[in-house]
Amino acid sequence: MNFKKSRIAKVIGAASLAALMAVGSFATVFAATPTAADNKTITFASTQGATGTFKGYQLLKVVNFNKGDTTTPMKDVVYAVADDSVTTFFSATGAGGKAGYSLDADMQILKGGKKITTDATETKALATLVASAVADGTLTLPTVSTTVSGGKQSVTTAPGYYVFVETSGTDGEGTQNGRILTKPMLVNLIANKNSTVKDDKINLTKKIVEDAKRVDASTADNTDDVKYEVKSAIPNYAENTDFTKVKYSFSDTFDGLTYKANSMVVTVGGTKVDATNYTFTPATNNKSFTLSFKADYLKTNQGKAVQLNYTGTMDSPNVTDTARPNSITLTYSNNPTNLSETGTLSDNVTTYTSKFDILKLDKNNAAIKLAGAQFTIAKDGAVLKFRKVVGTDTAKTVTYVYDKAGTVTTVESDANGTIRLDGLADGTYTVTETKAPAGYAKLTTPFTVTATAAKNAGGEPTGVFTHTSVTTTFSSMKGTTLTVLNQKGVSLPETGATTAIALAGVGTLIVAGGAVFMILSKKKKNASK
């Protein structure tokens, strides 16, 4: 009996000890609450060497957990809201609740009754909603931040669910350059994590179309058409983006050109876009335009290539600038959590015109400048048309501005003996004198002036022109001025002036010889009588 009691006591004692040990073990396992030693680190890295500032907004905090191993340091995690505004956010009337998100009794995030942790699309969508709610003040959450510099940076913070948002950033070259800030990320930070920052970038290029070539610079005559091609892409924005707030707009400003009405053609993803999908607004004088896509079209065509093709017509202004730049700017929303923030991209191209002068002087006295000399200017066999523009300067300098619709086909030297020709492309021009100054011989042989555009290493015009002409007895070219000489007397062929004088002398001798012969013949006849 004593033996049985002793044995029972031992069994009871062992059971009690086991129970106590179990209780102690349970307390050890489930009594763990996070301390600073349990903080976790997230490391952001950029393959492009980008720089960006990231803020982390804590949605749920860890209040209890079971310590695990190095692979899974936290098990059986118990969460609580990081702020009371989170409860409101996930309620039926909150932004999250209205979008179908909720929290269950275990603080698991659900969408339509299902956990979203394995659904990347829903995770991204929720992250965008949370970021927007923080931006508008609906959510007031504990915040941590770090700056990615030189492509990599880390932040260590208390464990829990965070939404990390990039609030500012540049690309690896230190400029915005079409970069879209990283989309919001929902992270369950209960273990150290690495996150690669994936930049979404767009570019903008503008080119002049010359047959099969695409160039940055060209030459043209006044009133010529210049064809343009612009390329970019529609950015990829975050899930749940309100595209009615997205800014994506092109603006073009013409300098020395005018937009050619009805020339705009828009293609997206290689398909021509119907005009109902975008808003095109040219200025009343066609000196600029804006083009923006409609919200629904942007939403369904994210990531696709955009191309604009249109034409500008070279102006024929009274005062011509040889450089005619044309620039385009793309303004786009670059912050997925604040669509009112915008970035810009710009590109420009330039078309150049040339100019040269004709100076009329007396051949025997260069100080005498000859007015009233008239010429035609031809290119490729066709006589060019001009507009006569009288300057506002004291000398009332006259300039003949090339214009296909002009009515002047004969240009005339002014009181300074000068003819100024403006608004011309490169090429060879034939200068023919049609009327000499009063009392001077007209030159019957035309001159040629060749305008050659200097080019850069890529073979494109730089805006600098050289003018050349074959030097003759009556003409020479220096810089941009063709000097043409006249001498008094009857009209002379330019290349045979000396010969003509010699022939005139010979003619005089012949006449004189004839007269002598007649006199001698008459004397001989009288003597024979």
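Check the entry above for the structure.
Residues numbered from 1 in each chain as written. Predicted model: local features only at pLDDT ≥ 70, side-chain atom pairs only at ≥ 80, totals over all residues. Heavy atoms only, no water.

Draft legend 1. Focus on the overall build of the protein. Counting secondary structure elements, the protein contains 6 helices and 39 strands. Here the protein, with 529 residues, has 43% of them falling under the buried criterion. Sequence-distant contacts, at least 24 apart, represent 68% of the contacts inside the protein between residues at least 6 apart. (Helix = DSSP H or I, 4+ residues; strand = E, 2+ residues; numbered from the N terminus. Buried < 20%, exposed > 50% of the residue type's maximum accessible area, 1.4 Å probe, protein only. Contact = heavy atoms within 4.5 Å.)

Draft legend 2. Representation of the sheet that holds strand E12 (residues 193–197) in the model. With mixed pairing, 3 strands are arranged side by side in an open sheet as E8-E1-E12. Edge positions in the open sheet fall to strand E8 (152–157) and E12, since each of these has one partner strand only. Within the sheet, the average angular offset between the axes of one strand and its neighbour, ignoring direction, is 20 degrees. (Pairing = 2+ DSSP bridges. Axes fitted to C-alpha atoms, helices over the stretch in contact; angles between N-to-C directions.)

Draft legend 3. Highlighting the side chain of Thr267. In this structure, Thr267 sits in strand E20 (residues 265–268). Beyond its immediate sequence surroundings of up to four residues, Thr267 is in contact with Lys272, Val273, Ala305, Val306 and Gln307.

Draft legend 4. The arrangement of the pairing of strand E29 (residues 374–379) in detail. The element E29 is extensively covered by neighbouring structure, given that 6 of its 6 residues are classed as buried. Judged by which residues are buried, E29 turns out to be covered on both faces: Gln374, Thr376 and Ala378 on one side and Phe375, Ile377 and Lys379 on the other are all buried. Bridging between E29 and strand E33 (residues 411–412) involves 2 bridges; their strand directions are antiparallel. Along E33, the bridge assignment pairs Gln374 with Glu412.

Draft legend 5. Expanded view of the packing of aromatic side chains. Enumeration according to the criterion identifies 21 aromatic pairs in this entry. Ring geometry for Tyr248 versus Phe293: centroids 6.1 Å apart, planes at 35 degrees, classification tilted. Placement of the pair is Tyr248 in strand E18 (residues 248–254) and Phe293 in strand E23 (residues 288–293), with a sequence separation of 45 residues. The exposure class of Tyr248 is buried, given its relative accessible area of 2%. When the ring of Tyr278 is compared with that of Phe293, the centres are 6.3 Å apart and the planes differ by 75 degrees; the resulting orientation is edge-to-face. Taken together, the residues Tyr278 in strand E22 (residues 278–282) and Phe293 in strand E23 connect sequence positions 15 residues apart. Given the relative accessible area of 11%, Tyr278 is considered buried. The class for Phe293 is buried, based on a relative accessible area of 7%. Across the ring face of Tyr101, the terminal group of Lys111 is positioned such that the distance to the ring centre comes to 4.7 Å. The ring of Phe474 has Lys363 lying over it, and the distance from NZ or CZ to the ring centre is 5.4 Å. (Phe/Tyr/Trp six-rings, centres within 6.5 Å; stacked < 30°, edge-to-face > 60°. Lys NZ or Arg CZ within 6 Å of the ring centre and 35° of its normal.)

Draft legend 6. Representation of the pattern of salt bridges in the model. As enumerated under the stated definition, the model contains 12 salt bridges in all. Note that Lys207 is salt-bridged to Asp216, the shortest N-O span being 2.9 Å. The residue Asp225 makes a salt bridge to Lys260 at a minimum N-O spacing of 2.6 Å. With Asp225 in strand E17 (residues 225–233) and Lys260 in the loop between strand E19 (257–259) and E20, this residue pair connects regions lying 35 residues apart in the sequence. Under the relative-accessibility criterion, Asp225 is labelled partly exposed at 41%. Several salt bridges converge on common partners, so that one network encompasses Arg214, Glu229 and Lys231. (Salt bridge = Lys/Arg side-chain N within 4 Å of Asp/Glu carboxyl O.)

Draft legend 7. Inspection of the nonpolar core at higher detail. Within the largest apolar cluster, 39 residues are counted, with the highest numbers of intra-cluster contacts made by Tyr248, Phe250, Phe293, Leu308 and Tyr310. Other than its neighbours up to four places away in sequence, Phe293 contacts Tyr248, Phe250, Val266, Val268, Asn277, Tyr278, Leu298 and Val306. In this structure, Ala32, Phe65, Phe90 and Leu129 belong to the second largest nonpolar core, which totals 31 residues. (Core = buried A, V, L, I, M, F, W, Y, C linked by side-chain atoms within 4.5 Å.)

Draft legend 8. Looking closely at the sheet that holds E18. Overall, mixed pairing links the 6 strands, which are arranged E16-E26-E25-E18-E23-E22 in an open sheet. A single partner strand is all that each edge strand has here, and the edge strands are strand E16 (217–219) and E22. The mean angle between the axes of side-by-side strands here comes to 15 degrees, regardless of whether they run parallel or antiparallel. For E22 and E23, the ladder comprises 5 bridges, and the chain directions are antiparallel. Each bridged residue has a counterpart across the sheet, and for Phe280 the counterpart in E23 is Leu291.

Draft legend 9. Spatial organisation of the environment of Thr258. If you trace the backbone, Thr258 turns up in strand E19. C-alpha of Thr258 to C-alpha of Thr313: the two residues are 55 residues apart in sequence and 5.2 Å apart in space. Thr258 has contacts with Asn285, Asn286, Lys287, Thr311, Gly312, Thr313 and Asp315, leaving out every residue within four places of it along the chain. For Thr258, the side chain forms a polar contact with the side chain of Lys287, separated by 3.2 Å. (Polar contact = N/O pair within 3.5 Å; in protein donor to acceptor, adjacent residues only side chain to side chain.)

Draft legend 10. Representation of unusual backbone geometry in the model. Not every positive phi belongs to a glycine, and Met107 is a case in point at roughly 65 degrees. Secondary-structure assignment places Met107 in the loop between strand E4 (101–103) and strand E5 (109–111). One non-glycine residue, Asp211, lies in the positive phi region at around 60 degrees. Position of Asp211 among the secondary structure elements: in the loop between strand E14 (205–210) and strand E15 (213–215). On the basis of relative accessibility, which here comes to 77%, the residue Asp211 falls in the exposed class.

Draft legend 11. Looking closely at the environment of Ser354. Residue placement: Ser354 occurs in strand E27 (residues 354–362). A residue is classified by how much of its surface remains accessible, and Ser354, at 1% relative accessible area, is buried. Along the primary structure Ser354 and Leu424 are separated by 70 residues, whereas in three dimensions their C-alpha atoms are 5.0 Å apart. At 3.4 Å, the side chain of Ser354 forms a polar contact with the backbone oxygen of Ala425.

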